[in-house]
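Residue-level listing of the chains:
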Amino acid sequence: MPATAPKPVLLELLRCPEPHHAPLAYDREAAALVCSECAKVFRVEDGIPVMLLDGAAPLD
Ligand SMILES: [Zn+2]
């Protein structure tokens, strides 16, 4: 089942919530956004990035 990628315009606006605010890259395989600076992974659910630091790692 193909994942829904965030819109490119949204990707350009997204930055890591950590103080470095590095840009994020969309990983299509993982259906997640990966920080280019700290490599934190943010899940994307139905095209909506989950930008909580608490959600940066799978909880279940
Ligand atoms: Zn980061």
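Residues numbered from 1 in each chain as written. Predicted model: local features only at pLDDT ≥ 70, side-chain atom pairs only at ≥ 80, totals over all residues.

For the chain, an unreviewed UniProt entry supplies the name Trm112 family protein and the organism Glycomyces paridis.

K.L.:
Help me out: how do you make sense of the sheet that holds strand β1 (residues 24–27) in this one?
P.N.:
Strands belonging to one sheet form pairs held by backbone hydrogen bonds; the direction of such a pair is parallel or antiparallel. Sheet architecture is open: four strands sit in the order β1-β2-β3-β4, paired in antiparallel fashion. Strands at the two margins of the open sheet, each flanked by one partner only, are β1 and β4 (48–49). Note: strand β3 (residues 41–45) against β4, two bridges, orientation antiparallel. Among the inter-strand pairings, Val44 is bridged to a residue of β4, identified as Pro49. (Pairing = 2+ DSSP bridges. Helix = DSSP H or I, 4+ residues; strand = E, 2+ residues; numbered from the N terminus.)

K.L.:
Hey, could you run me through the pairing of β3 in this one?
P.N.:
Successive side chains on a regular strand alternate, one facing one side of the sheet and the next facing the other. Burial along β3 is one-sided: the residues Phe42 and Val44 are buried and none of Val41, Arg43 and Glu45 is. When strand β2 (residues 32–35) meets β3, the two strands line up antiparallel, connected through three bridges. Paired with Val34 across the strands is Val41, a residue of β3. The turn joining β2 and β3, which pair antiparallel and follow one another in sequence, is formed by five residues; a positive phi near 65° is taken by Ala39. (Buried ≥ 20, exposed ≤ 12 C-beta atoms within 10 Å, placed from the backbone.)

K.L.:
Could you clarify how one ought to interpret the environment of Ser36 in this entry?
P.N.:
Assignment of secondary structure puts Ser36 in the loop between β2 and β3. Using a count of 11 C-beta atoms within 10 Å as the deciding quantity, one classes Ser36 as exposed. Those residues in contact with Ser36 that sit more than four places away from it in its chain are Ala22, Pro23, Leu24 and Ala25. (Contact = placed C-beta atoms within 7 Å.)

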